[in-house]
Amino acid sequence: MDNFYEQLAKLSPEQRKLFERRLRERGIVIPEINQISPRESGDELPLSFAQQRLWFIQQLEPESSTYNVPSALNLKGRLNIPVLEKSLSEIVKRHEILRTTFISNSQKEPVQKITVPQKLSLPVIDLQDLQVNEYTLKKILNKLVRDAYESPFDLSKPLLRLSLIKLKTFEHILLITTHHIVSDRWSVGVFLQELSQLYNAFWNGESSPLSELPIQYGDFAIWQRQWLQGEVLENQANYWKEQLNNLSVLELPTDRKRLPVPSYKGSHYPLSLSPELSEKLKNLSAESGVTLFTMLLTAFQVLLYRYTHQDDIVVGTDIANRHRTEVEPLIGLFVNTLVLRTDVSQNPTFRELLQRVKEVVLGAFAHKDLPFEKLVEILNPNRDFSQMMPLFQVKFDLQLATVKPLNLRALMVERQTYKQEFVKYELRLNLQDTKTGISGQVEYSSDLFDEKTIIRFVEHFRVLLEGIVENPDCQIGYLPLLSEAESQQILWQWNRTQRDYEQNLCIHKLFEIQVEKTPDAIALVHNNCQLTYRELNNRANQLADYLQTLGVKPESKVGVYLERNLELVIGILGILKAGAVYVPLDPAYPQARTEYIIEDAQIEILLTEEDKNIPIAYSLLPIALKYNNWEKIAQHSTENPKSGVISDNLAYLIYTSGSTGKPKGVAIAHRNTVTLLHWAREVFNHEVISGMLASTSICFDLSVFELFVPLSWGGKIILVENVLEIIDLPEASGVTTINTVPSAISQLSRVNAIPKLVNTINLAGEALQWNLVKQLQQKHPHIRQIFNLYGPSEDTTYSTYALVGGKRAGGAGGAGGAEEANTPTIGCPIANTQTYILDTHLQPVPVGVPGELYLGGAGLMRGYLNKPELTAEKLIPNPFSSSPSASSAPSASSAPSALYKTGDL
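Residues numbered from 1 in each chain as written. Predicted model: local features only at pLDDT ≥ 70, side-chain atom pairs only at ≥ 80, totals over all residues. Heavy atoms only, no water.

## Quick look at the overall build of the protein chain
As a reminder of what qualifies: Each helix is a run of H or I in the DSSP string that is no shorter than four residues. Each strand is a run of E no shorter than two, and both are numbered from the N terminus. Note on contacts: a residue pair qualifies if any of its non-hydrogen atoms lie within 4.5 Å across the two residues. To be clear on the numbers: accessible area is Shrake-Rupley with a 1.4 Å probe, and residue cover counts the displayed protein chains and nothing else. Only four residue types enter the charge count, namely Lys and Arg as positive and Asp and Glu as negative; His and the chain termini do not. Charge coordinates come from a single atom per side chain, which is NZ of Lys, CZ of Arg, CG of Asp or CD of Glu.
From N to C terminus, the protein chain includes 25 helices and 34 strands. Viewed in the frame of its principal axes, the protein chain has a C-alpha envelope of about 120 × 70 × 60 Å. Once local pairs closer than 6 in sequence are excluded, the contacts in the protein chain between residues at least 24 apart make up 73%. With the model as given, the accessible surface of the protein chain reaches about 39000 Å², and the carbon-plus-sulfur share is 49%. Across the protein chain, the 87 positively charged side chains and the 101 negatively charged ones have centroids separated by 5 Å.

Structure follows, in structure tokens:
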């Protein structure tokens, strides 16, 4: 709480004038300091603004111990308990605030009431004769300490709680607890120093060496309310109104959502910087003309910026508020909280940001006399009660004033720390500058954060500070954040997905290989019709041969404008076998979209049906094929055709929805899809693909999985108009896998229409919720595995997968299983795919921090048809194409040369 700004107030008059002149040059005026005088009389006194807020909080939560202020002294040696009691009694006598109670007057307003000083009798709890083992003794001691510290106070009674625990004849623990309404951190230092002086004097039979206090806390409360009004209040308020106009909420990446009302449960994690790093930070501070506080605050704000991607960073900080000499020796609540708001936009260098923060800090210090409680009252922000504090959610403090070592006669004294299990802020970085370096702790709300998250946070702060002292002229968006181990894990270990397979094969070649293996197995079923692998291959070959006589060759665009029947699948396979590119067109889609695609793709041939209403653009086609006229097609060869097509040639052209503009043709090559097919073979065994429900429009890329996975590896396609038609399928249809969107499977589950033979559910295209996964598991126990799949069309259907329900049905390979958390993850990258979560500066973000998803690997599209500018915008050079030197990293050649920017967070 005490930092550089309190030190400024102690400058010599000449130094202060120079400082004030520099502030005035910046338009900042320091309020005139008025002397505080002792009150003449008064039994009931007003509360200070800070006290009034704590009083109000306590009325709302009378059983809360959040604002208890604990201290403990471990005393080893010969303790004189009567002398200790006399010393404590003198402190209570000297400081009215320690015998102050808070009551409501006749107008129902809170007032301070001072009780008469009395001789203090120190409660002693003797544990030395307990016949228990060390573990039990420690347990008893911990409970005594916890009860002393965490028992709530009644504000209508004195707010100092003392007890002495006797462990051995020459070992005691003194527990001191006050309520924050009568004390602060500076006050603890005052209390302990006076205890040291009084104890030693009384031990020697001397009188108190302490001089009389100039004023009491009640005098300060009266003065504050009289002084802070009129022009003084207006000047202070106007500054803060302008400074804090339209504050934004800092959206920290948390492990859990905020509770409607926070519990204030929390924990702490230590932070320690090496002496070398601490010294470099101090040297950089001096070189840059800023204080250590400003240096560390700026670094902290950079970390928050990198965590939240927000340009408006708001942080609270405490000042001791003891710049008036009259209040320095007092015990009481003087601490004030300042709100520091920094604009970190436009990616400045760290040095540049330092100067921004310096101006913010100087302005705040010049207007520090407006109590935080009064500021909240004036601004009257819309209060979200899920947030622990108004105006800010994160706090930063640097303690420069340390309590001097205690020297009690015949005793070794050690201050003990107590890990409180409650906090007042969502996140607080509380540091201190010590002889051995900068250290402290991160205090955090356990409602929101897990300890592992805070451990990473501390490590990122350390790495960031090292990067700052190494290169302070680096832009803040490019300063290092990840440790070498974390960077290695995120960029390389988690992307070690390389699998070997024959990459020169085309989609239809995999099908032809399967035909040789299982020619008489059923490949395709629609209604009461079915085709074996041999029959499907023969008919597709005849169509391919016919298309080649019409001039079809590699990269030729052939439109598919057919109903969902056997001819649809024959048509797609025939186009691929002919070496051409199939362009899916759904008759159910708007005609304007179909016409746009025909024209944009420059379709050369359109496969359609005799009675189909032809789009207007149909007349522009060089060749129009009435596909269901099979008399001519059936005369062509059933042999597998030779087309000269290679894996780098396009296989299909699928158009985006056009929700962000005109639809774009996503150009997918054979090798892209073959990558997907080999991954599927690794994850889904024959039992899974033996009955694949194909219910998705061929204009939607889920259809690529539904059609080609079973045909490549010996499964069966059950073709239906839409997924709800499964209700009318006979059990003998043999559906084992449903590949659809969560909303559709939810509907099927609701009407209990998921066949008993179904063992696998693949869900994609929409965000998946755990309640649906649980519903499927509980209501349909025959479902053995539920996958959450994610991927854009630009990366060939699926990029990541997670097994979120059940167990693998005997398949090989890794599933990228997702543990149940708040919502299912999208899992791990599929084989030969890389995933990166990057920020706006293309820097990898830490685990748990939001960013934008970038994809790379063998499934990545060639680009958008006829739109090189959009392709260049979406396909960027891979900044991680060179692997680190570590032997555990994959070779540089295995890293993707380009990344696709998905736009998903």
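## Considering the pairing of strand E2 (residues 68-77)
Spelled out, the test is: Whether a residue is buried, partly exposed or exposed follows from its accessible area with a 1.4 Å probe, protein chains only, as a fraction of its type maximum: under 20%, in between, or over 50%, in that order. When DSSP finds two or more bridges between a pair of strands, those strands are recorded as paired.
Within E2, eight of the ten residues are buried, which leaves it mostly tucked inside the rest of the structure. As judged from the six bridges shared by E2 and strand E12 (residues 411-416), these two strands associate in the antiparallel manner. By the bridge assignment, Asn74 is partnered in E12 with Glu414.

## Here's the deal with unusual backbone geometry
Its identity is not glycine, yet Tyr264 carries a phi of approximately 65°, on the positive side. Looking at where Tyr264 falls in the secondary structure, it is placed in the loop between helix H8 (230-243) and strand E8 (266-272). Exposure remark for Tyr264: the relative accessible area of 16% places this residue in the buried category. A positive phi angle, near 55°, is found at Asn527, a position not held by glycine. Along the chain, Asn527 falls in the loop between strand E15 (522-526) and strand E16 (529-532). With a relative accessible area of 63%, Asn527 lands in the exposed category.

## A look at the pairing of strand E34 (residues 898-901)
Where strand E31 (residues 852-857) and E34 come together, two bridges link them in antiparallel fashion. Counterpart to Leu855 in the pairing with E34 is Tyr900. For strand E33 (residues 875-877) and E34, the ladder comprises three bridges, and the chain directions are antiparallel. Bridge assignment links Leu875 to a residue of E34, and that residue is Tyr900.

## Thoughts on helix H7 (residues 217-227)
Burial within H7 is extensive, with eight of its eleven residues counted as buried. Every buried residue of H7 is accounted for by Tyr217, Gly218, Asp219, Phe220, Ala221, Trp223, Gln224 and Trp227. Against the buried residues of H7 lie strand E1 (44-45), helix H3 (49-60), strand E4 (110-114) and H8.

## Here's the deal with helix H10 (residues 292-308)
Let me state the cut-off plainly: Multiply 1.5 Å by the residue count of a helix minus one, and that product is the helix's expected span.
Compared with an ideal rise of 1.5 Å per residue, which puts 17 residues at 24 Å, H10 spans 24 Å between its outermost C-alpha atoms and is within 8% of the ideal. Among the 17 residues of H10, 17 are classified as buried, and the element is accordingly described as predominantly covered. In the stretch just after H10, His309 is the one whose phi turns positive, near 60°.

## Some remarks on the packing of helix H15 (residues 507-517) against helix H20 (residues 670-683)
Selection rule: Under this scheme, a helix contributes an axis fitted over its contacting stretch, all axes are lines through C-alpha atoms, and angles between N-to-C directions fall in the 0 to 180 degree range. Note that the term roughly parallel is reserved for angles under 35 degrees, roughly antiparallel for angles over 145, roughly perpendicular for angles of 65 to 115, and oblique for everything else.
At a closest axis distance of 8 Å, the pairing of H15 and H20 adopts a crossing angle of 45°. Of the possible angle classes, the one that applies to H15 and H20 is oblique. Facing H15, whose interface residues are Ile507, His508 and Leu510, H20 presents His670, Thr673, Val674, Leu677 and His678.

## A few points about the sheet that holds E15
What the nine strands build is an open sheet, ordered E16-E15-E24-E23-E25-E26-E27-E28-E29; its pairing is mixed. Among the strands making up the open sheet, the edge pair consists of E16 and strand E29 (828-829). In this structure, E15 lies alongside strand E24 (residues 717-719), joined through three bridges in parallel fashion. Paired with Leu524 across the bridge in E24 is Ile717. Its contacts with the sheet place helix H16 (residues 533-549) against E15 and E16, and it is angled at close to 85° to E16. Sitting on the sheet, helix H22 (residues 702-713) touches E15, strand E23 (692-694), E24, strand E25 (737-740) and strand E26 (760-763), and the angle it makes with E23 is about 140°.

## Focus on the pattern of salt bridges
What counts is decided by this rule: Every case where a carboxyl oxygen of Asp or Glu lies within 4 Å of a side-chain nitrogen of Lys or Arg is listed as a salt bridge.
Here the structure, examined in full by the defined rule, presents 30 salt bridges. The salt bridge partner of Arg862 is Glu555, with a shortest N-O separation of 3.1 Å. Remark: Glu555 occurs in the loop between H16 and strand E17 (557-561) and Arg862 occurs in the loop between E31 and strand E32 (863-864); sequence separation between them is 307 residues. Relative accessible area serves as the criterion here: at 42%, Arg862 is assigned to the partly exposed category.

## Some points on the packing of helix H17 (residues 566-577) against H22
For the record, the criterion: Ten residues, namely Ala, Val, Leu, Ile, Met, Phe, Trp, Tyr, Cys and Pro, are considered nonpolar, four, namely Asp, Glu, Lys and Arg, are considered charged, and the remaining ones, Gly among them, are considered polar.
Contact geometry for H17 and H22: axes closest at 12 Å, N-to-C directions at 70°. It follows from the interaxial angle that H17 and H22 lie roughly perpendicular. Two secondary-structure elements touch here, H17 through Val569, Ile572, Leu573 and Leu576 and H22 through Leu707, Phe708 and Leu711. When the residues that make up the contact of H17 with H22 are grouped by side-chain class, the tally is seven nonpolar, no polar and no charged.

## Here we look at the environment of Lys93
Checked against the element boundaries, Lys93 lands in helix H4 (residues 81-94). Taking the C-alpha atoms as reference points, Lys93 and Thr115, separated by 22 residues in sequence, lie 10.0 Å from one another. Not counting residues within four places of it along the chain, the set of residues in contact with Lys93 comprises Arg99 and Pro117.

## A look at a nonpolar patch on the surface
Operational definition: Surface patches are drawn from residues lacking salt bridges whose relative accessible area is over 30%; two like charges belong together within 9 Å, two nonpolar side chains (Val, Leu, Ile, Met, Phe, Trp, Tyr) within 5 Å.
Taken together, the side chains of Leu724, Ile727 and Val751 present a nonpolar region at the surface, about 240 Å² in accessible area. Looking at the element boundaries, Ile727 is found in the loop between E24 and E25. Look at Ile727 and you get partly exposed, because its relative accessible area is 46%.

## Here's the deal with the environment of Phe372
On the secondary structure map, Phe372 appears in helix H12 (residues 372-379). The exposure class of Phe372 is buried, given its relative accessible area of 2%. Distance in space between the C-alpha atoms of Phe372 and Thr101 is 23 Å, their sequence separation being 271 residues. Once you skip the residues sitting within four places of it in the chain, Phe372 turns out to touch Asn336, Thr337, Val339, Met389, Pro390, Leu391 and Phe392.

## Describing the sheet that holds E34
Pairing in this open sheet of four strands is antiparallel, and the strands run E30-E31-E34-E33 from one edge to the other. Every other strand in the sheet has two partners, leaving strand E30 (833-838) and E33 as the edge strands with one partner each. Averaged over neighbouring strand pairs, the angle between their axes works out to 35° when direction is ignored.

## A closer look at the side chain of Glu90
Relative to the assigned elements, Glu90 resides in helix H4. In this structure Glu90 is buried but unpaired, with Lys93 as the nearest side chain of opposite charge at 4.7 Å. Those residues in contact with Glu90 that sit more than four places away from it in its chain are Leu198, Phe202 and Ser208.

## Some remarks on the packing of aromatic side chains
Filter applied, for reference: Here a pair means two rings of Phe, Tyr or Trp (six-membered ring of Trp) with centres within 6.5 Å. Their orientation is stacked below 30 degrees between planes, edge-to-face above 60, and tilted elsewhere. Counting as a charge over the ring demands two things of the Lys NZ or Arg CZ atom: a distance within 6 Å of the ring centre and an angle within 35 degrees of the ring normal.
Within this structure, the stated rule accounts for 25 aromatic pairs. Lying across the ring of Phe202, Lys86 places its NZ or CZ 4.4 Å from the centre. The ring centre of Tyr864 lies 5.4 Å from the NZ or CZ of Lys664, which sits over that ring.

## Structural notes on the side chain of Arg99
Selection rule: Any pair of nitrogen or oxygen atoms within 3.5 Å is treated as a polar contact; in protein, a donor-acceptor pairing is required on top of that, and neighbouring residues in sequence qualify only through side-chain atoms on both sides.
Mapped onto the elements of the fold, Arg99 is located in the loop between H4 and strand E3 (100-104). Although Arg99 is buried, it forms no salt bridge, and the closest oppositely charged side chain is Glu96 at an N-O distance of 5.0 Å. Of note is the side chain of Arg99, whose polar atom sits 2.9 Å from the backbone oxygen of Lys93. Excluding its chain neighbours within four sequence positions, the residues that come into contact with Arg99 are Val92, Lys93, Lys113, Ile114, Thr115, Val116 and Pro117.

## Describing the confidence of the model for the protein chain
Note that predicted coordinates carrying low pLDDT should not be read in detail. Selection criterion: Looking at any residue, its pLDDT shows the predictor's confidence there, from 0 to 100.
Scored by pLDDT, the protein chain comes out at a mean of 89, with 90% of its residues at no less than 70. Every residue in residues 808-820 scores below 50 in pLDDT, and together they form 39 contacts with partners more than four places removed in sequence or on other chains.

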